[in-house]
Amino acid sequence: MHSSSRRRLTAVALSAVVAATGAACSSGSGSADAKGSDSGTYTVWDPYPQFAKGSAWVKLLDACGAKTGVKIKRTGYDTSDLANKALLAAQQDNSADVLIVDNPVVSTLAEAGVLTSTEDNKLDTSKVDPNLLAAGQSDGKTYGTPIGANTLALYYNKKVLKEAGVDIASVKDWTSLTAALAKVTAAGKKGITFSAIGTEEGSFQFLPWLWGAGAELTALDSAQAASALSLWKDWLKEGYAPNSVINNTQTTSWQEFAGGDYAFAENGTWQLANAKEAGFDYGVLPIPGADGGSAAAPTGGEFVTIPTQGDTGRYATTQKLATCLTSTQNLYDTDTTLSYVAPTGEVQAKQVAANAELKPWVAAVKAAKGRTSDDLGTKYPKISEQLWKAVQSALSGAKSPKDALTSAQAAVK
(Lines give C-alpha, C1' and ligand atoms only; values in the text may rest on other atoms or scores of the structure.)
Protein backbone atom coordinates (compact mmCIF):
# COMPACT_ATOMS: atom_id res chain seq x y z
CA MET A 1 0.00 0.00 0.00
CA HIS A 2 1.52 3.32 -1.03
CA SER A 3 1.24 6.57 0.89
CA SER A 4 -0.98 8.05 -1.83
CA SER A 5 -3.70 5.66 -0.70
CA ARG A 6 -3.46 6.98 2.83
CA ARG A 7 -3.97 10.55 1.64
CA ARG A 8 -7.46 9.58 0.49
CA LEU A 9 -8.65 9.44 4.09
CA THR A 10 -11.61 11.75 4.55
CA ALA A 11 -14.05 13.04 7.10
CA VAL A 12 -16.39 10.28 5.90
CA ALA A 13 -13.98 7.66 7.20
CA LEU A 14 -13.67 9.51 10.50
CA SER A 15 -17.43 9.72 10.97
CA ALA A 16 -17.85 6.06 10.05
CA VAL A 17 -15.39 5.10 12.77
CA VAL A 18 -17.22 7.14 15.40
CA ALA A 19 -20.59 5.66 14.42
CA ALA A 20 -19.41 2.06 14.45
CA THR A 21 -17.80 2.00 17.89
CA GLY A 22 -19.13 1.90 21.40
CA ALA A 23 -21.44 -1.10 21.70
CA ALA A 24 -19.18 -3.65 23.29
CA CYS A 25 -15.82 -2.16 23.98
CA SER A 26 -13.48 -0.70 26.57
CA SER A 27 -13.27 2.97 27.57
CA GLY A 28 -10.79 5.42 29.02
CA SER A 29 -8.15 7.80 27.69
CA GLY A 30 -4.47 7.98 26.86
CA SER A 31 -1.84 9.85 24.89
CA ALA A 32 1.45 9.07 23.21
CA ASP A 33 3.74 9.75 20.31
CA ALA A 34 3.19 7.34 17.44
CA LYS A 35 6.35 5.48 16.48
CA GLY A 36 9.35 4.79 18.65
CA SER A 37 12.35 7.04 18.13
CA ASP A 38 14.56 4.20 16.92
CA SER A 39 14.24 1.05 14.87
CA GLY A 40 14.57 -1.09 18.01
CA THR A 41 11.34 0.29 19.46
CA TYR A 42 7.96 -0.84 18.16
CA THR A 43 4.69 0.88 19.00
CA VAL A 44 1.47 -0.80 20.03
CA TRP A 45 -1.83 1.09 20.29
CA ASP A 46 -4.73 -0.65 22.03
CA PRO A 47 -8.19 0.19 23.43
CA TYR A 48 -7.39 -0.99 26.96
CA PRO A 49 -6.43 2.16 28.87
CA GLN A 50 -7.70 0.50 32.05
CA PHE A 51 -4.56 -1.65 32.06
CA ALA A 52 -1.65 0.32 33.47
CA LYS A 53 2.04 -0.44 33.53
CA GLY A 54 2.61 -3.59 35.56
CA SER A 55 -0.71 -5.16 34.54
CA ALA A 56 -0.83 -8.63 33.00
CA TRP A 57 -1.65 -7.12 29.59
CA VAL A 58 1.32 -4.75 29.55
CA LYS A 59 3.59 -7.51 30.83
CA LEU A 60 2.47 -9.67 27.91
CA LEU A 61 3.30 -6.90 25.44
CA ASP A 62 6.74 -6.48 26.96
CA ALA A 63 7.32 -10.25 26.94
CA CYS A 64 6.43 -10.47 23.25
CA GLY A 65 8.78 -7.55 22.58
CA ALA A 66 11.59 -9.28 24.45
CA LYS A 67 10.93 -12.53 22.56
CA THR A 68 11.14 -10.64 19.28
CA GLY A 69 14.21 -8.67 20.35
CA VAL A 70 12.66 -5.19 20.47
CA LYS A 71 11.30 -2.73 23.01
CA ILE A 72 7.59 -1.97 23.12
CA LYS A 73 6.15 1.53 23.37
CA ARG A 74 2.50 1.03 24.23
CA THR A 75 -0.42 3.42 24.55
CA GLY A 76 -4.00 2.65 25.55
CA TYR A 77 -6.73 4.87 24.09
CA ASP A 78 -10.48 5.19 24.33
CA THR A 79 -11.94 3.04 21.54
CA SER A 80 -13.33 5.84 19.34
CA ASP A 81 -10.31 8.04 20.05
CA LEU A 82 -7.98 5.24 18.98
CA ALA A 83 -9.69 4.78 15.64
CA ASN A 84 -9.55 8.48 14.84
CA LYS A 85 -5.89 8.69 15.83
CA ALA A 86 -5.12 5.68 13.63
CA LEU A 87 -6.66 7.43 10.62
CA LEU A 88 -4.79 10.66 11.27
CA ALA A 89 -1.47 8.90 11.93
CA ALA A 90 -1.81 7.04 8.64
CA GLN A 91 -2.15 10.33 6.79
CA GLN A 92 1.23 11.34 8.20
CA ASP A 93 2.89 7.92 7.62
CA ASN A 94 3.26 7.69 11.38
CA SER A 95 1.12 4.65 12.14
CA ALA A 96 1.67 2.38 15.11
CA ASP A 97 3.37 -0.90 14.26
CA VAL A 98 0.61 -2.96 15.87
CA LEU A 99 -2.92 -1.60 16.12
CA ILE A 100 -5.54 -3.41 18.21
CA VAL A 101 -8.91 -2.03 17.19
CA ASP A 102 -12.63 -2.68 17.72
CA ASN A 103 -13.78 -5.17 15.09
CA PRO A 104 -16.44 -3.09 13.25
CA VAL A 105 -13.77 -0.45 12.55
CA VAL A 106 -11.43 -2.87 10.77
CA SER A 107 -13.19 -2.63 7.41
CA THR A 108 -13.30 1.17 7.62
CA LEU A 109 -9.56 1.36 8.24
CA ALA A 110 -8.89 -1.24 5.56
CA GLU A 111 -10.94 0.57 2.93
CA ALA A 112 -9.12 3.79 3.86
CA GLY A 113 -5.77 2.12 3.13
CA VAL A 114 -4.58 2.09 6.73
CA LEU A 115 -4.09 -1.68 7.15
CA THR A 116 -2.12 -4.43 5.46
CA SER A 117 -3.95 -7.64 4.59
CA THR A 118 -2.96 -11.03 5.99
CA GLU A 119 -2.11 -12.01 2.42
CA ASP A 120 0.60 -9.35 2.49
CA ASN A 121 1.74 -9.55 6.11
CA LYS A 122 1.57 -13.38 6.36
CA LEU A 123 -0.29 -13.37 9.67
CA ASP A 124 -1.67 -16.89 10.19
CA THR A 125 -5.45 -16.98 10.76
CA SER A 126 -6.02 -20.65 9.92
CA LYS A 127 -7.17 -21.62 13.43
CA VAL A 128 -9.64 -18.74 13.86
CA ASP A 129 -13.38 -19.49 13.73
CA PRO A 130 -14.60 -18.25 10.29
CA ASN A 131 -17.59 -16.38 11.70
CA LEU A 132 -15.30 -14.29 13.92
CA LEU A 133 -12.70 -13.74 11.23
CA ALA A 134 -15.41 -12.40 8.90
CA ALA A 135 -15.64 -9.21 10.98
CA GLY A 136 -12.15 -8.31 9.73
CA GLN A 137 -12.77 -9.03 6.06
CA SER A 138 -13.42 -6.57 3.26
CA ASP A 139 -13.53 -7.12 -0.51
CA GLY A 140 -12.36 -10.70 -0.15
CA LYS A 141 -9.30 -9.90 1.96
CA THR A 142 -8.65 -10.35 5.67
CA TYR A 143 -7.11 -7.60 7.79
CA GLY A 144 -5.74 -8.86 11.09
CA THR A 145 -6.88 -11.54 13.48
CA PRO A 146 -9.28 -11.39 16.48
CA ILE A 147 -7.74 -11.30 19.92
CA GLY A 148 -11.03 -12.41 21.45
CA ALA A 149 -14.76 -11.93 21.21
CA ASN A 150 -17.69 -11.04 23.36
CA THR A 151 -21.33 -11.16 22.42
CA LEU A 152 -24.88 -11.09 23.77
CA ALA A 153 -27.02 -13.73 25.44
CA LEU A 154 -29.91 -13.85 27.90
CA TYR A 155 -29.11 -13.81 31.60
CA TYR A 156 -31.94 -15.24 33.69
CA ASN A 157 -32.85 -15.14 37.37
CA LYS A 158 -33.41 -18.73 38.53
CA LYS A 159 -35.52 -17.77 41.55
CA VAL A 160 -37.90 -15.55 39.57
CA LEU A 161 -38.44 -18.28 36.98
CA LYS A 162 -38.94 -21.00 39.60
CA GLU A 163 -41.53 -18.98 41.51
CA ALA A 164 -43.40 -18.33 38.26
CA GLY A 165 -43.34 -22.02 37.34
CA VAL A 166 -41.12 -21.57 34.30
CA ASP A 167 -38.72 -24.36 33.29
CA ILE A 168 -35.82 -22.70 31.49
CA ALA A 169 -35.46 -25.84 29.34
CA SER A 170 -38.83 -24.97 27.78
CA VAL A 171 -37.50 -21.68 26.38
CA LYS A 172 -36.39 -22.64 22.90
CA ASP A 173 -37.88 -20.05 20.53
CA TRP A 174 -39.75 -16.74 20.52
CA THR A 175 -43.13 -18.29 21.29
CA SER A 176 -41.89 -20.16 24.36
CA LEU A 177 -39.86 -17.14 25.53
CA THR A 178 -42.93 -14.89 25.28
CA ALA A 179 -44.98 -17.52 27.15
CA ALA A 180 -42.37 -17.48 29.91
CA LEU A 181 -42.56 -13.69 30.13
CA ALA A 182 -46.36 -13.92 30.42
CA LYS A 183 -46.06 -16.37 33.33
CA VAL A 184 -43.50 -14.23 35.12
CA THR A 185 -45.51 -11.03 34.89
CA ALA A 186 -48.68 -12.87 35.93
CA ALA A 187 -46.78 -13.97 39.03
CA GLY A 188 -46.08 -10.34 39.91
CA LYS A 189 -42.48 -10.13 38.73
CA LYS A 190 -40.92 -8.38 35.72
CA GLY A 191 -40.20 -9.95 32.37
CA ILE A 192 -37.21 -8.85 30.32
CA THR A 193 -35.01 -5.80 30.03
CA PHE A 194 -32.66 -4.76 27.25
CA SER A 195 -31.16 -1.68 25.60
CA ALA A 196 -33.05 -0.05 22.74
CA ILE A 197 -31.40 3.36 23.03
CA GLY A 198 -30.96 5.46 19.90
CA THR A 199 -27.25 4.69 19.47
CA GLU A 200 -25.09 1.80 18.25
CA GLU A 201 -25.90 0.03 21.53
CA GLY A 202 -29.56 -0.13 20.47
CA SER A 203 -28.68 -1.64 17.09
CA PHE A 204 -26.23 -4.02 18.73
CA GLN A 205 -28.94 -5.38 21.03
CA PHE A 206 -31.58 -5.61 18.30
CA LEU A 207 -29.41 -7.52 15.84
CA PRO A 208 -29.87 -10.99 17.44
CA TRP A 209 -33.62 -10.63 16.98
CA LEU A 210 -33.26 -9.28 13.44
CA TRP A 211 -30.93 -12.11 12.45
CA GLY A 212 -32.91 -14.60 14.52
CA ALA A 213 -35.94 -13.82 12.38
CA GLY A 214 -33.97 -14.60 9.24
CA ALA A 215 -33.66 -10.93 8.22
CA GLU A 216 -30.58 -9.24 6.76
CA LEU A 217 -29.10 -5.78 7.25
CA THR A 218 -29.32 -5.22 3.51
CA ALA A 219 -33.13 -5.43 3.61
CA LEU A 220 -34.43 -3.65 6.68
CA ASP A 221 -37.93 -3.51 5.20
CA SER A 222 -38.37 -7.30 4.98
CA ALA A 223 -41.26 -9.11 6.63
CA GLN A 224 -38.75 -10.95 8.81
CA ALA A 225 -37.28 -7.69 10.11
CA ALA A 226 -40.78 -6.38 10.85
CA SER A 227 -41.55 -9.54 12.84
CA ALA A 228 -38.48 -8.95 15.02
CA LEU A 229 -39.38 -5.35 15.76
CA SER A 230 -43.01 -6.36 16.35
CA LEU A 231 -41.78 -8.84 18.96
CA TRP A 232 -40.14 -6.05 20.95
CA LYS A 233 -43.10 -3.73 20.41
CA ASP A 234 -45.55 -6.38 21.65
CA TRP A 235 -43.42 -7.03 24.74
CA LEU A 236 -43.71 -3.35 25.68
CA LYS A 237 -47.44 -3.31 24.90
CA GLU A 238 -48.09 -6.35 27.12
CA GLY A 239 -45.87 -5.07 29.92
CA TYR A 240 -43.33 -7.87 29.50
CA ALA A 241 -40.58 -5.27 28.98
CA PRO A 242 -40.44 -1.79 30.55
CA ASN A 243 -40.76 1.45 28.59
CA SER A 244 -37.36 2.37 30.02
CA VAL A 245 -35.70 0.18 27.36
CA ILE A 246 -36.10 3.09 24.93
CA ASN A 247 -33.50 5.04 26.91
CA ASN A 248 -31.60 2.13 28.44
CA THR A 249 -27.92 1.69 27.77
CA GLN A 250 -26.52 -1.78 28.31
CA THR A 251 -25.30 -0.56 31.70
CA THR A 252 -28.66 0.79 32.91
CA SER A 253 -30.41 -2.28 31.54
CA TRP A 254 -28.06 -4.43 33.60
CA GLN A 255 -28.77 -2.36 36.69
CA GLU A 256 -32.48 -3.09 36.26
CA PHE A 257 -31.81 -6.82 36.09
CA ALA A 258 -29.41 -6.69 39.05
CA GLY A 259 -32.29 -5.38 41.18
CA GLY A 260 -33.55 -8.99 41.31
CA ASP A 261 -37.11 -8.60 39.97
CA TYR A 262 -36.52 -9.36 36.28
CA ALA A 263 -36.62 -12.84 34.83
CA PHE A 264 -34.39 -12.05 31.85
CA ALA A 265 -31.88 -9.48 30.63
CA GLU A 266 -30.16 -9.29 27.28
CA ASN A 267 -26.55 -8.41 27.96
CA GLY A 268 -22.97 -9.37 27.29
CA THR A 269 -20.04 -11.46 28.39
CA TRP A 270 -18.59 -8.38 30.07
CA GLN A 271 -21.26 -8.55 32.81
CA LEU A 272 -20.07 -11.90 34.17
CA ALA A 273 -18.19 -10.35 37.08
CA ASN A 274 -21.23 -8.19 37.94
CA ALA A 275 -23.51 -11.21 37.68
CA LYS A 276 -21.53 -13.01 40.36
CA GLU A 277 -22.00 -9.99 42.64
CA ALA A 278 -25.74 -9.62 42.01
CA GLY A 279 -26.68 -11.74 45.02
CA PHE A 280 -28.95 -14.26 43.28
CA ASP A 281 -28.56 -17.46 41.27
CA TYR A 282 -28.46 -16.79 37.55
CA GLY A 283 -28.05 -18.71 34.34
CA VAL A 284 -27.17 -17.82 30.75
CA LEU A 285 -29.12 -18.83 27.66
CA PRO A 286 -28.09 -18.13 24.04
CA ILE A 287 -30.69 -15.86 22.44
CA PRO A 288 -33.16 -18.12 20.65
CA GLY A 289 -34.06 -17.76 17.00
CA ALA A 290 -37.68 -17.18 16.01
CA ASP A 291 -38.23 -20.87 15.30
CA GLY A 292 -35.58 -22.30 17.61
CA GLY A 293 -31.84 -22.75 17.69
CA SER A 294 -29.39 -20.01 18.65
CA ALA A 295 -29.78 -16.67 16.92
CA ALA A 296 -26.64 -15.03 15.58
CA ALA A 297 -25.63 -12.27 17.99
CA PRO A 298 -23.18 -9.53 16.98
CA THR A 299 -19.57 -9.92 18.00
CA GLY A 300 -17.72 -7.41 20.08
CA GLY A 301 -14.01 -7.59 20.70
CA GLU A 302 -10.89 -6.45 18.92
CA PHE A 303 -8.60 -7.39 16.04
CA VAL A 304 -4.82 -7.34 16.11
CA THR A 305 -3.88 -5.56 12.88
CA ILE A 306 -0.70 -4.45 11.16
CA PRO A 307 -0.95 -0.92 9.74
CA THR A 308 0.65 0.14 6.47
CA GLN A 309 4.17 1.57 6.92
CA GLY A 310 6.36 3.69 4.68
CA ASP A 311 9.31 1.69 6.04
CA THR A 312 8.38 -1.80 4.85
CA GLY A 313 11.40 -3.26 6.61
CA ARG A 314 9.47 -3.16 9.88
CA TYR A 315 6.86 -5.68 8.76
CA ALA A 316 8.80 -8.89 9.53
CA THR A 317 9.29 -7.94 13.17
CA THR A 318 5.73 -6.63 13.48
CA GLN A 319 4.37 -9.93 12.20
CA LYS A 320 6.33 -11.76 14.90
CA LEU A 321 4.88 -9.45 17.56
CA ALA A 322 1.32 -9.97 16.34
CA THR A 323 1.86 -13.74 16.17
CA CYS A 324 3.17 -13.77 19.73
CA LEU A 325 0.17 -11.81 21.03
CA THR A 326 -2.27 -14.26 19.43
CA SER A 327 -0.48 -17.52 20.27
CA THR A 328 -2.55 -20.16 22.04
CA GLN A 329 -1.28 -19.55 25.59
CA ASN A 330 -1.30 -15.78 25.25
CA LEU A 331 -4.85 -15.81 23.87
CA TYR A 332 -5.98 -17.83 26.85
CA ASP A 333 -4.36 -15.47 29.36
CA THR A 334 -5.55 -12.31 27.60
CA ASP A 335 -9.12 -13.47 27.04
CA THR A 336 -9.39 -14.53 30.67
CA THR A 337 -8.28 -11.04 31.70
CA LEU A 338 -10.73 -9.34 29.30
CA SER A 339 -13.66 -11.74 29.97
CA TYR A 340 -13.60 -12.62 26.27
CA VAL A 341 -14.23 -15.88 24.51
CA ALA A 342 -11.18 -16.92 22.51
CA PRO A 343 -11.39 -16.92 18.69
CA THR A 344 -10.11 -20.49 18.27
CA GLY A 345 -11.70 -23.81 19.18
CA GLU A 346 -8.55 -25.00 20.93
CA VAL A 347 -8.49 -22.10 23.37
CA GLN A 348 -12.28 -22.09 23.81
CA ALA A 349 -12.09 -25.71 24.99
CA LYS A 350 -9.39 -24.75 27.46
CA GLN A 351 -11.53 -21.87 28.76
CA VAL A 352 -14.57 -24.08 29.32
CA ALA A 353 -12.43 -26.73 31.04
CA ALA A 354 -11.22 -24.06 33.47
CA ASN A 355 -14.60 -22.34 33.91
CA ALA A 356 -17.81 -24.23 33.08
CA GLU A 357 -19.81 -20.98 33.27
CA LEU A 358 -18.31 -20.02 29.91
CA LYS A 359 -19.99 -22.92 28.08
CA PRO A 360 -23.14 -20.99 26.99
CA TRP A 361 -20.98 -18.04 26.00
CA VAL A 362 -18.82 -20.20 23.77
CA ALA A 363 -22.02 -21.47 22.14
CA ALA A 364 -23.23 -17.89 21.66
CA VAL A 365 -19.90 -16.81 20.15
CA LYS A 366 -19.89 -19.78 17.77
CA ALA A 367 -23.29 -18.65 16.49
CA ALA A 368 -22.29 -14.97 16.44
CA LYS A 369 -21.79 -12.73 13.45
CA GLY A 370 -19.73 -9.61 12.78
CA ARG A 371 -21.65 -6.41 12.26
CA THR A 372 -19.70 -5.66 9.10
CA SER A 373 -19.88 -9.25 7.83
CA ASP A 374 -21.55 -9.96 4.47
CA ASP A 375 -19.02 -7.50 3.05
CA LEU A 376 -20.95 -4.50 4.41
CA GLY A 377 -17.78 -2.67 5.41
CA THR A 378 -18.29 1.08 5.65
CA LYS A 379 -21.98 0.70 4.75
CA TYR A 380 -22.70 -0.68 8.21
CA PRO A 381 -22.66 2.58 10.23
CA LYS A 382 -25.32 4.16 8.01
CA ILE A 383 -27.49 1.05 8.11
CA SER A 384 -27.10 0.83 11.88
CA GLU A 385 -28.13 4.44 12.38
CA GLN A 386 -31.34 3.93 10.42
CA LEU A 387 -31.98 0.68 12.28
CA TRP A 388 -31.79 2.25 15.74
CA LYS A 389 -33.97 5.12 14.54
CA ALA A 390 -36.57 2.60 13.35
CA VAL A 391 -36.48 0.77 16.69
CA GLN A 392 -36.96 4.04 18.55
CA SER A 393 -39.80 5.09 16.26
CA ALA A 394 -41.66 1.81 16.65
CA LEU A 395 -41.20 1.41 20.40
CA SER A 396 -42.26 5.00 21.08
CA GLY A 397 -45.42 4.48 19.03
CA ALA A 398 -44.54 7.08 16.39
CA LYS A 399 -44.76 4.48 13.61
CA SER A 400 -45.70 0.84 13.19
CA PRO A 401 -42.75 -1.56 13.01
CA LYS A 402 -43.38 -2.12 9.30
CA ASP A 403 -43.56 1.61 8.47
CA ALA A 404 -40.52 2.42 10.63
CA LEU A 405 -38.39 -0.18 8.85
CA THR A 406 -39.68 0.84 5.42
CA SER A 407 -38.54 4.40 6.16
CA ALA A 408 -35.20 3.09 7.40
CA GLN A 409 -34.54 1.11 4.25
CA ALA A 410 -35.48 4.11 2.08
CA ALA A 411 -33.04 6.30 4.03
CA VAL A 412 -30.23 3.76 3.59
CA LYS A 413 -30.74 3.69 -0.17
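As shown above, the structure is provided for reference.
Described below are features of the structure shown in this document. (Residues numbered from 1 in each chain as written. Predicted model: local features only at pLDDT ≥ 70, side-chain atom pairs only at ≥ 80, totals over all residues. Heavy atoms only, no water.)

1. Examining the sheet that holds strand β9 (residues 262–268)
The test is simple: Paired strands, in this sense, are two strands between which DSSP finds at least two bridges. The numbering of helices and of strands both runs from the N terminus, where a helix is a DSSP run of H or I of at least 4 residues and a strand a run of E of at least 2. In this description, a line fitted to the C-alpha atoms serves as the axis of each element, helices being fitted only across the stretch in contact, and the angle between N-to-C directions of two axes falls anywhere from 0 to 180 degrees. Whether two residues are in contact is decided by their heavy atoms: any pair within 4.5 Å suffices.
An order of β8-β9-β7-β10 is seen for the four strands of this open sheet, with the pairing classed as mixed. This sheet does not close on itself; its edge strands, each paired only once, are β8 (190–193) and β10 (282–285). Between one strand and the next, the sheet's axes are offset by a mean angle of 20 degrees, whatever the strand orientation. Across the sheet, helix α9 (residues 174–186) touches β7 (152–157), β8 and β9, and the angle it forms with β8 is around 135 degrees. Together, β7, β8 and β9 form the strand contacts of helix α12 (residues 250–258), whose direction differs from that of β9 by roughly 150 degrees.

2. Points about the nonpolar core
Here is the rule: The nonpolar core is taken to be a set of buried Ala, Val, Leu, Ile, Met, Phe, Trp, Tyr and Cys residues, with the residues joined through side-chain atoms within 4.5 Å. Categorising residues by exposure relies on relative accessible area from a 1.4 Å probe, with only protein chains included: less than 20% of the type maximum marks a residue as buried, more than 50% marks it as exposed, and the intermediate range marks it as partly exposed.
Ranked by internal contacts, the top residues of the largest apolar core, which has 58 residues, are F194, F206, W209, L217, W232, W235 and F264. Elements with a minimum of two residues in this core: β7, α8 (158–163), α9, α10 (200–212), α11 (223–238), β9, α18 (380–396) and α19 (401–412). Looking at this core, the element that brings in the most residues is α11, giving eight residues. Residues contacting L217, with those up to four places away along its chain left out, are L207, L210, W211, R371, L376, Y380, I383 and L387. In this structure, V70, I100, L123 and Y332 belong to the second largest nonpolar core, which totals 27 residues.

3. Focus on the environment of T199
Residue position: T199 is located in the loop between β8 and α10. Residue class for T199 comes out partly exposed when judged on its relative accessible area of 30%. When the C-alpha atoms of T199 and E385 are compared, they prove to be 7.1 Å apart, with 186 residues separating the residues in sequence.

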